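Okay, here's what each chain looks like letter by letter:
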Amino acid sequence: MNLEGARVLVAGATGVLGGALTAELAARGARPALAGRDPARLARAARAYPGAPTVLFDAYAPDSCARAVDEAAAGLGGLDAVVTAFGSVAFGQATQVGDEVHEYLMAVNALAPAAFFRAAFAIMRPGSMIAAFTGVVGERPQAGMADYSASKAAMCAWLVAARREGRTCGIQVLDIRPGHLDTGFADRPVAGTAPPMPAGGDPRRLVIAVADAMEADAELLHTTPDGTPVAERRA
């Protein structure tokens, strides 16, 4: 993918990762559309990108996710990439986290990204890409994070199947699975309290690697224990 002139929707552009990625893509010549939940934060984020479309969505409402894709495509005259960079986390023993928390995590971390991507597949042309921030817990579930891990694993599984389907129509699928990052995400759980964690990785370093991976048509981006991003052409 050539990011120069590429029309890219970043869902979660008001967050730390989404905001950093939007800036990196724009610096490489991409034309961004910004999607977020909070109107005021979205308006502030958009000031850096005059003329960029902004769309609102609620991750707990899949129809709003699909609508955001259609509105972004209308604003940009099409879409070449859709990236989801949002989510929620919860902590607690598997036997103690309530069903309502589990349902919420599945909705935000799995159902909402899938809704974005289903809508994207319907309008994208060969050579386009979808990309999702999932996380290392999607492949290595952690104690005290069973429900969060399950929601991310569900998204990883969805991407594996969608990737196989996408190869037949020329649409790339990138799964981004970083380890713990210094974004403050773990300090905002919907339930529980984060356990002691090592220092998080550098979000800026990661988004540079994400943009590189998009340009290289990679299918998987993960990080080594020391935080070094590693992209793979085949997942």
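Located above this text is the structure these notes cover.
These notes cover the structure that comes with them. None of these values were measured; they are calculated from a predicted model.

Quick word on the overall build of the protein chain
Secondary structure assignment for the protein chain yields six helices and eight strands. The secondary structure elements of the protein chain, listed N-terminal to C-terminal, are β-α-β-α-β-α-β-α-β-α-β-α-β-β. For the protein chain, the spread of C-alpha atoms along the principal axes amounts to about 50 × 35 × 30 Å. Burial statistics for the protein chain: of 235 residues in total, 49% are counted as buried. Residue pairs in contact within the protein chain that sit at least 24 positions apart in sequence constitute 65% of those at least 6 positions apart. Put simply, the protein chain shows about 10,500 Å² of open surface, and 52% of that area lies on carbon and sulfur atoms. In the protein chain, 21 side chains carry a positive charge and 24 a negative one; their mean positions are 4 Å apart.

What about the sheet that holds strand β3 (residues 54-56)?
Strand order in the open sheet formed by eight strands is β3-β2-β1-β4-β5-β6-β7-β8, with mixed pairing between adjacent strands. The open sheet has two free edges, formed respectively by β3 and β8 (229-232), since each of these has just one partner strand. Between one strand and the next, the sheet's axes are offset by a mean angle of 15°, whatever the strand orientation. As defined by bridge partners, strand β4 (residues 81-84) adjoins strand β5 (residues 129-133) across four bridges and the pair is classed as parallel. The residue bridging V82 from the neighbouring strand is I130, located in β5. Where helix α1 (residues 16-27) meets the sheet, it contacts β1 (7-11), β2 (31-36), β4 and β5, and its direction lies at approximately 165° from that of β1.

Focus: the packing of aromatic side chains
To describe a pair of aromatic rings, one takes the distance between the centres and the angle between the planes. Per the stated rule, a full pass over the model turns up six aromatic pairs. Ring centres of F86 and F116 lie 5.9 Å apart, and the angle between their planes is 50°; this geometry places the pair in the tilted category. A residue pair is termed long-range when its members are at least 10 positions apart, and F86 in the loop between β4 and α4 (99-123) and F116 in helix α4 qualify at 30 residues. Just as F86 is buried, F116 falls in that class too. An aromatic cluster is present here, built from F57, F86 and F116 joined pairwise through their rings.

Here we look at empty space enclosed by the protein
Evaluated as defined, the whole model comprises one cavity of 30 Å³ or more. Size it by volume and the largest cavity reaches roughly 40 Å³. Looking at the largest cavity, the residues that line it are T84, F86, V108, N109, P113, A132, F133, K152 and M155. Elements supplying a minimum of two residues to the lining of the largest cavity: α4, β5 and α5 (146-169). Among the elements that take part in the lining of the largest cavity, α4 stands out by supplying three residues, more than any other.

A short note on the packing of α1 against helix α6 (residues 203-215)
At a minimum axis separation of 9 Å, α1 and α6 run at an interaxial angle of 50°. In terms of orientation, α1 and α6 fall into the oblique class. Here α1 and α6 pass one another in a crossing that is right-handed. Between α1 and α6, the contacting residues are V16, L17, A20, L21, E24 and L25 on the first element and P203, R204, L206, V207, I208, V210, A211 and M214 on the second. Among the residues forming the contact of α1 with α6, the class breakdown is twelve nonpolar, no polar and two charged.

A word on the nonpolar core
What tends to happen in soluble globular proteins is that the nonpolar side chains get buried as a cluster. One finds V8, L25, F133, L174, V210 and M214 to be the most contacted residues of the largest nonpolar core, which totals 34 residues. Listed by contribution, the elements that provide at least two residues to this core are β1, α1, α2 (39-46), β4, β5, β6 (172-177) and α6. A total of seven residues in this core trace back to one element, the largest contributor, which is α6. L9, A72, L76 and V173 belong to the second largest nonpolar core, which has 30 residues in total.

A closer look at the pairing of β4
Side chains A81 and V83 of β4 all project onto a buried face; the interleaved residues V82 and T84 project onto the opposite face, where all are buried too. Of the pairings in the sheet, the one linking β1 to β4 comprises four bridges and is parallel in character. Bridge pairing in β4 places V8 opposite A81.

Focus on unusual backbone geometry
The phi dihedral of D217 falls on the positive side, at around 55°, and the residue is not glycine. Counting through the fold element by element, D217 comes out in the loop between α6 and β7 (220-223).

About the cut-offs
- Residues numbered from 1 in each chain as written.
- Predicted model: local features only at pLDDT ≥ 70, side-chain atom pairs only at ≥ 80, totals over all residues.
- Heavy atoms only, no water.
- Helix = DSSP H or I, 4+ residues; strand = E, 2+ residues; numbered from the N terminus.
- Buried < 20%, exposed > 50% of the residue type's maximum accessible area, 1.4 Å probe, protein only.
- Contact = heavy atoms within 4.5 Å.
- Areas by Shrake-Rupley, 256 points an atom, 1.4 Å probe, with all protein chains shown as cover.
- Lys, Arg positive; Asp, Glu negative; His and termini not counted.
- Charge placed at Lys NZ, Arg CZ, Asp CG, Glu CD.
- Pairing = 2+ DSSP bridges.
- Axes fitted to C-alpha atoms, helices over the stretch in contact; angles between N-to-C directions.
- Phe/Tyr/Trp six-rings, centres within 6.5 Å; stacked < 30°, edge-to-face > 60°.
- 1 Å grid on protein atoms, 1.4 Å probe; cavity = no way out; pocket = protein on both sides within 12 Å on 5 of 7 lines; lining within 4 Å.
- Points joined across faces, edges and corners; volume = space filled by probe spheres on them.
- Parallel < 35°, antiparallel > 145°, perpendicular 65-115°, else oblique.
- Left-handed = near helix turned anticlockwise from the far one by under 90°.
- Nonpolar A, V, L, I, M, F, W, Y, C, P; charged D, E, K, R; others polar.
- Core = buried A, V, L, I, M, F, W, Y, C linked by side-chain atoms within 4.5 Å.

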